[in-house]
Structure formats: C-alpha cells, structure tokens
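Below, each chain spelled out in residue letters.
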Amino acid sequence: MSVTHGKVGYCVTGLDEGKVNCSVSLSAAVRLNVCVFCAEKLELTNIFIDPSVWFNCSLDKTSQTQNANQLTDTIKENLIGISISATSDAYIDNIRINTCNVGLKTDIPTITEKTPLFSDITVNDAKRSALILVNAPQTGIAFAKCSFRTDDSYGSKDVEIASGYTAPTVFNSCSFRGSPSYSVYSEGSSMLSFVGCDFIS
C-alpha cells in the first residue's frame with residue numbers, strides 16, 4: 001500500500017485493507033489504521049501538512065486575521081498531524097508537519113515483526129509534542145534525519161514516550177530544539193539510542 005501526495009492539506013483517514021477514504025478531520029489530518037496482519041508494506045511519502053492553508057484561502061480579508069488566529073488556537077489544542085495506530089511494515093519519508101497539538105503519534109502493536117522506518121520527518125510549531133510514542137514493535141523503531149520542534153509552550157516536549165513503552169528506539173542524525181521544556185521526555189523503559197543528533201538548546 002502506498003500513499004504519496006505532495007499537495008498541502010491532503011487528508012487521509014481510515015486506511016484499512018487497501019481502502020482509502022479522504023476527508024478533513026480535526027482530530028487527525030492523516031490517520032492510518034492498517035491491518036496488522038496484512039502482507040503489504042505501508043509507504044507514506046512526500047506529504048506536507050499545514051492547517052493554515054485549509055482555512056486561510058476561504059476567509060475574507062476583513063476577518064481573516066481574527067478568524068485565522070481563533071482557528072489556529074483550536075487546531076493547536078486538538079490536531080494530530082499523523083496518527084499511526086497499526087501497521088505490519090512501514091516506511092515513512094519526506095513528511096512536513098506544521099502547527100499541530102501533536103505532530104506525529106505512533107501506537108503500533110508490539111506483536112508486529114517488522115521495524116518501521118521514519119526518515120526526513122520535520123515537525124514544527126507543535127504545542128504538546130512533535131512526536132509521541134505509545135507503542136512500537138519489540139523489534140524496534142528507527143528515525144533518521146528528522147527534526148522535532150515545539151512552539152515554546154511551557155511543558156512542551158519534542159519527543160514524548162508513554163509509560164509502558166518498551167521498544168528499542170533509534171534516533172540517527174536527528175535534531176531536537178528542546179525549548180523551553182524537554183527535548184526527550186520518557187516515562188517508558190525502552191532503550192533509546194541517539195547517534196549523531198543535535199540538541200540545539
């Protein structure tokens with residue numbers, strides 16, 4: 001299964017056994033629910049998520065600033081850029097996510113035998129976390145050449161790892177802004193590896 005689209009604001013929800021439904025969702029711009037036991041590999045590439053584009057084009061000029069600010073506040077309290085809750089094998093590459101509550105959230109079942117690879121992921125201006133790891137395969141999960149950045153909200157975390165998370169996790173050549181609160185905040189017990197990473201602040 002492959003999802004490739006370069007247009008800003010393209011939304012995919014409910015990928016289930018090869019079925020693709022497109023709609024705008026405030027809870028998640030892209031929600032991937034793929035059968036754990038499907039043999040196909042999930043590929044998600046070349047997607048740019050920027051919610052400001054969704055509403056800026058439809059607002060009249062007199063109310064644009066006020067309405068855009070209100071909508072931005074709502075989005076930053078609720079929106080998850082990409083939520084992956086199940087997949088047997090995944091390759092996620094060249095993704096840009098701006099202005100969300102959470103940029104990327106993974107909740108992949110631990111029984112999955114493959115190691116998902118995320119590369120060239122850039123998350124900017126996330127309010128809560130740029131990346132949340134809830135579950136991942138016991139074989140591990142890997143991030144390469146990724147950039148995670150929050151919006152400076154108090155208590156924000158570039159990477160947030162949930163309690164009960166045990167999968168080995170590798171960050172290779174990634175950058176973390178970590179301002180003002182945390183670069184990586186873990187309540188789990190997994191082995192974390194950082195290779196050639198930059199902790200900017």
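Residues numbered from 1 in each chain as written. Predicted model: local features only at pLDDT ≥ 70, side-chain atom pairs only at ≥ 80, totals over all residues. Heavy atoms only, no water.

(A) Region of the structure containing the overall build of the chain. Check the secondary structure of the chain and you find 2 helices and 16 strands. A burial count over the chain gives 45% of its 201 residues as buried. Of the contacts made within the chain by residues no fewer than 6 positions apart, 69% connect residues no fewer than 24 positions apart. For the chain, the accessible area works out to roughly 9,300 Å², and carbon and sulfur atoms hold 49% of it. (Helix = DSSP H or I, 4+ residues; strand = E, 2+ residues; numbered from the N terminus. Buried < 20%, exposed > 50% of the residue type's maximum accessible area, 1.4 Å probe, protein only. Contact = heavy atoms within 4.5 Å. Areas by Shrake-Rupley, 256 points an atom, 1.4 Å probe, with all protein chains shown as cover.)

(B) Inspection of the packing of aromatic side chains at higher detail. Summed over the entire model, instances satisfying the criterion amount to 11 aromatic pairs. Taken together, a centroid distance of 5.9 Å and an interplanar angle of 75° make the contact between F176 and F194 edge-to-face. Note that F176 is positioned in strand β13 (residues 175–176) and F194 in strand β15 (residues 192–195), a separation of 18 residues in sequence. For F176, a relative accessible area of 0% translates into the label buried. Residue F194 is classed as partly exposed on the basis of its relative accessible area, which comes to 34%. With 4.9 Å between their ring centres and 15° between their planes, F176 and F199 make a pair best called stacked. Here F199 lies in strand β16 (residues 198–199) and F176 lies in strand β13, a separation of 23 residues in the sequence. The structure contains a cluster of three or more aromatic residues connected by ring pairs, namely F118, F143, F148, F171, F176, F194 and F199. Directly above the aromatic system of Y185 lies the positively charged group of K157, at a separation of 5.1 Å from the ring centroid. (Phe/Tyr/Trp six-rings, centres within 6.5 Å; stacked < 30°, edge-to-face > 60°. Lys NZ or Arg CZ within 6 Å of the ring centre and 35° of its normal.)

(C) Broad picture of the nonpolar core. The biggest cluster of nonpolar side chains holds 35 residues, and the ones touching the most others in it are F143, F148 and F171. For this core, the elements supplying multiple residues, two or more each, are β5 (42–49), β6 (80–86), β7 (90–107), β8 (117–135), β9 (141–144) and β11 (157–161). The element contributing the most residues to this core is β8, with 7 residues. Once you skip the residues sitting within four places of it in the chain, F148 turns out to touch V123, A130, L131, F143, D158, V159, F171, S175, F176 and R177. (Core = buried A, V, L, I, M, F, W, Y, C linked by side-chain atoms within 4.5 Å.)

(D) Broad picture of the environment of D73. Turning to its location among the elements, D73 is positioned in helix α2 (residues 64–78). On the accessibility criterion, D73 (51% relative accessible area) is exposed. Spatially, the C-alpha atom of D73 lies 9.5 Å from that of T99, the residues being 26 residues apart in sequence.

(E) Representation of the confidence of the model for the chain in the model. On average, residues of the chain score 76 in pLDDT, and 69% of them are at 70 or above. Across residues 1–26, confidence stays below pLDDT 50; counting only partners more than four residues off in sequence or on other chains, it has 67 contacts. (pLDDT = per-residue confidence, 0-100.)

(F) How the structure looks around unusual backbone geometry. Residues other than glycine seldom take positive phi values, yet N46 does so here, at roughly 55°. Along the chain, the position of N46 falls in strand β5. The partly exposed category is assigned to N46, whose relative accessible area is 34%. Even without being glycine, D120 reaches a positive phi, approximately 55°. As for its placement among the helices and strands, D120 is situated in strand β8.

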